[in-house]
Amino acid sequence: MTDTTDDIAEEISFQAFEDDCRLLGSLLNDVLQREVGQQFTEKVERERILSQSACNMRIAGIEDAAEVLEKKLALELSSMTLEEAASFARTFSHFLNLMGIAETHHRVRRIKNTIQLSKSCDDIFSKMIQSGTSPEDLYNAVCEQEIEIVLTAHPTQINRRTLQYKHLRIAHLLEYNDRADLGHEEREMLIEDLRREVTSLWQTDELRRHKPTPVDEARAGLHIVEQSLWKAVPHYLRRVSAALKKHTGRPLPLTCTPIRFGSWMGGDRDGNPNVTAKVTRDVCFLARWMAADLYIREIDSLRFELSMNRCSDELAKFAYEILEAENQYEERHQENGYQTSHRAHAKHSVCNSPALPTQLPAGADMPACTECNDGESQLPILEFPVTDHSDSFESGHNAESSVTLLKSSLSRNSEKYDDGKLDVNVRTINVSTNASSSGSGTGTPSASSTAGFGFSSPRKKTSEFNVGKSIFDKILNPNITQRPDFAPYRIVLGHVREKLITTRRRIEEILEGIPCDYDPSQYYENSAQLLEPLMLCCESMQSCGSDILADGRLADLIRRVSTFGMVLMKLDLRQESGKHSETLDAITEYLDMGTYSEWDEEKKLEFLVTELKGKRPLVPPTIEVSAEVREVLDTFRVAAELGSESLGAYVISMASKASDILAVELLQKDARLAVSGELGRPCPDNTLRVVPLFETVKDLRGAGSVIRKLLSIDWYRNHIIENDNGLQEVMVGYSDSGKDSGRFTAAWELYKAQEDVVAACKEFGIKVTLFHGRGGSIGRGGGPTYLAIQSQPPGSVMGTLRSTEQGEMVQAKFGLAQTAVRQLEIYTTAVLLATLHPPDPPRSMNWREVMEKISEVSQQYYRSIVYENEQFLEYFREVTPEAELGNLNIGSRPTRRKKSSGIGHLRAIPWIFAWTQTRFVLPAWLGIGAGLEAACAKGYKEELQAMYREWPFFQCAIDLIEMVLAKSDLSIAKHYDEVLVSPSRQKLGEELREAFRMTEKYVLLVSGHEKLTENNKSLKRLIESRLPFLNPINMIQVEILRRLRGDVNNQKLRDALLITINGIAAGMRNTG
């Protein structure tokens, strides 16, 4: 097999990687000598050498010597003072983070230096044409592809946003250091910059002192758009287009985008009471504000570039209409005997657009092609407007937030004046006078906004400021009829900019709670409205023979609008099915209809379908309900107000019956009727897609039956056809199914569930999109994107796919523009192959029978340990830092769904996170060895080896387990047992380690490998390079846990423990 088992460990130049590690390590040593002294630095080096020696002995197979060295290391570390141990943990943690930065940098280097990367569009398109795919089929498949990557707020990102920023800065400096043309002085300056960054890292508190709010999490997600995706998307689409043109003769249509983005941040309320209807509403407007702000910056740069006069008749006519509207407005107001400074400013931004901007846009001297390759972002950090709810926009303690909180974005527009409106019949044109751009200029709109901390009064007039301004402005910017030049593109783009500024101002007022009555023609509500003038400019250039100009920054902006729209990422809503039943209970009891949840399924369906066919609201306006039920109803009201332009899908977690889906459809319909009646007009857009999420093994087994039942209902089937274009979306969950029955059983049940759902939809002539709720770790369905998609059941990926990306994987995959482009290409090519050349199904029914046998034994063994062994729960609490993980403050939601101490109600993330810390990673492999052993005992050894060679799904499952086993460490896991576990339960730990050895034995037997990661030398070497720093952190953690459990209120011990948790997460490269 090729090197595909770890997205992070692609083939790299180890010489260059080690050079960078030495450079960063020496800089950290310099910092340590200055900050904590020579003696401490020498002791760090001594312990590192001791740890390195133990690792070398173990790699060489000299187990006894390794054990002696490890015991000596553990003894020395355990004898340290608390302060010394914490400093040691911080030191090794920073070493591991710096090594991670070097790894990521070398992935970027490889991408840059390879002419044709494997799995790239050029590579896969070429192979598909050679294998017999027609250019027409290839072209259509790419253009019709619909992939959505959904960023979630799952709490697996351990690093503070401040530290992530610093890590990115170091990565940019390493990239700059690769330049061969650097002179001696420049390189010395670069080293000094690196030294400053490493010093800053050491002096920064790595611990989050308070939990983030849901809006903090949403801002972090939006930051990823600004930080990398904003630059990566146009670059990615250019790659797709170039490869298509090379292999099919036609480029990708300008408004076609195979990939879009969604978000759960601010919409996922499953088990998180902090996500309210108000939070969801504010997050949606926050995203719209950011979109408008980013587009304004792009328009500023574009206006500077498009200085030409030659244009089509249609564009010239539109430009003159804008100017005529402006002149008519000014004449009317001169007749009325007054002018406003706002009108003078609007004249500057629209009527005098042909003049060069008074301030050049940022990066005006740089070509657009540098945007994805220069490393450092050209965009200033966004600053957002504030609302009146404290938990959403007050950063307070959260200084690490990547996106600076703006306490007064209106200071950029220091005054707001009375509106002036004019409509032109030929094309709707409104010259808005209510959105000044005085503070933003044409360069960095958010730069001036940091000056103030209070919203200015939006209606205040400043006539004294206007004296003489109009005359002076006319001298600087004469009327178009008095100028020798005419730059129509600048006029049109100036008009676009004016509407974008109004769009942004309107959102600020909505968030402030200020009544605003803008005419819809004054602002942009959807992407189609923004695309219209941009496409007009593009078509004008093409008609004048300026295709090369049209294909520059303007094309990139059109691609951004097509991808991000006016919301950047549509927000999904998610709620647990039981909450909807509770809401319907309250409604039916209020109406004296009985208790909904006590009805059988057929009665529920009859009631729901009858109400869905009706035209009257079900919920009386005067109904009195509990706070929890009111929150559910308010969420549906917000969904009705925002519509499908802002929101994506409504996901029902723990769905198990057809009534779970129809209940949401009814509540959604009822809210839209109520809101529509209050507004006196229909609600915006369509209803949200309702997506059942099947999570447990039991629910996965019934998924196909639920979909068949739904589609057999005439109302629902017609609704899917009319509202959702005949597309049924179904989500499958990897986390809870794995925690429920073990990783192998979950993988097999997920495979079968997808087959059944696809078959069910096919029976009714309905298309299906499968939404994969994957985590970052293997135990929660994580793994390399390409491998995961290629191992799906045949027919389950038919050009459409949704998948979650969360926590540390968002930063790893999309944190840099270059790596983001690579990931987007991999998504595209993997989905393309799965669509046109689907993977092979099981070769025979016998293979399915073997899988059933392995799954049955694996699940039985897993549950016998986790759920049926009376000692396991206490063993789990003793051997892992699970109880202490809640102090990490890495997420806004509780670690448990309900107040229960059992494994069942523990969320999957802390379940896997805790085991990852001990380096045992038990949830990812437990039970698999027993299943494989049973299959081999039945004589299926050769069959299993054939399945590994020929069946992508089985091969993927075994390879991922092998990678987990390689990252685990039995000696470290044993050390946790010996120090932390009660003697009466240590036997259980030994049994589990024996199960690990059995799993390793049979995984190697099936794969045919002699040693773990034999098929992935890069990963093996990277893991080994981390161990000298990682192992000591584990030993320190064990000692701190031992002390903390005897002194539970010691805050210094808690802080030291959290430092070790951070360090181990950095070394393992994933958390939960």
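This text follows the structure it describes.
Peer 1: Account for helix α25 (residues 703-711), with residues named and values stated.
Peer 2: For α25, every residue scored as buried is listed here: Ala703, Gly704, Val706, Ile707, Leu710 and Leu711. Down the axis, α25 shows its buried residues gathered within 160° of arc, on one side only. At its buried positions, α25 is contacted by α23 (658-679), β5 (689-694), α24 (697-701), α26 (714-723), β6 (727-733) and α28 (743-763).

Peer 1: Now, about helix α35 (residues 928-937): what can you tell me, with residues and values included?
Peer 2: Most of α35 is tucked away, with eight of its 10 residues classed as buried. Taken together, the buried positions of α35 are Ile928, Gly929, Ala930, Gly931, Leu932, Ala934, Ala935 and Cys936. The elements touched by buried residues of α35 are α28, α32 (845-866), α36 (941-950), α37 (952-967) and α39 (986-1007). Following α35 by one or two positions, glycine 939 has its phi on the positive side, about 90°.

Peer 1: Requested: an account of the pattern of salt bridges, with residues and values cited.
Peer 2: Scanning the model with the defined rule gives 69 salt bridges in all. Residue arginine 297 is joined to glutamate 226 by a salt bridge in which the shortest nitrogen-to-oxygen separation is 3.9 Å. Of this pair, arginine 297 sits in helix α10 (residues 277-305) while glutamate 226 sits in helix α9 (residues 214-248); the two residues are 71 residues apart in sequence, bridging distant segments of the chain. When its relative accessible area of 4% is taken as the criterion, arginine 297 is described as buried. Salt-bridge contacts for aspartate 660 lead to lysine 657; the nearest nitrogen and oxygen are separated by 4.0 Å. Take lysine 657: its relative accessible area is 31%, and that puts it in the partly exposed class.

Peer 1: Which residues make up the packing of aromatic side chains, and what are the values?
Peer 2: In total, this model carries 30 aromatic pairs according to the counting rule given. On the numbers, 6.1 Å between centres and 55° between planes, the contact of phenylalanine 92 with phenylalanine 1029 is tilted. Of the two residues, phenylalanine 92 sits in helix α4 (residues 82-113) while phenylalanine 1029 sits in helix α40 (residues 1017-1044), which places them 937 residues apart along the sequence. Here phenylalanine 92 and phenylalanine 1029 have matching classes, each one buried. The structure contains a cluster of three or more aromatic residues connected by ring pairs, namely Phe872, Tyr875, Phe876, Trp911, Trp915, Phe920, Trp925 and Phe996. Taking NZ or CZ as reference, arginine 250 lies 3.8 Å from the ring centre of tyrosine 139, over its face. The ring of tyrosine 523 carries the charged tip of arginine 506 above its face, separated from the ring centre by 4.1 Å.

Rules behind the numbers
- Residues numbered from 1 in each chain as written.
- Predicted model: local features only at pLDDT ≥ 70, side-chain atom pairs only at ≥ 80, totals over all residues.
- Heavy atoms only, no water.
- Buried < 20%, exposed > 50% of the residue type's maximum accessible area, 1.4 Å probe, protein only.
- Helix = DSSP H or I, 4+ residues; strand = E, 2+ residues; numbered from the N terminus.
- Arc of directions from axis to C-beta.
- Contact = heavy atoms within 4.5 Å.
- Salt bridge = Lys/Arg side-chain N within 4 Å of Asp/Glu carboxyl O.
- Phe/Tyr/Trp six-rings, centres within 6.5 Å; stacked < 30°, edge-to-face > 60°.
- Lys NZ or Arg CZ within 6 Å of the ring centre and 35° of its normal.

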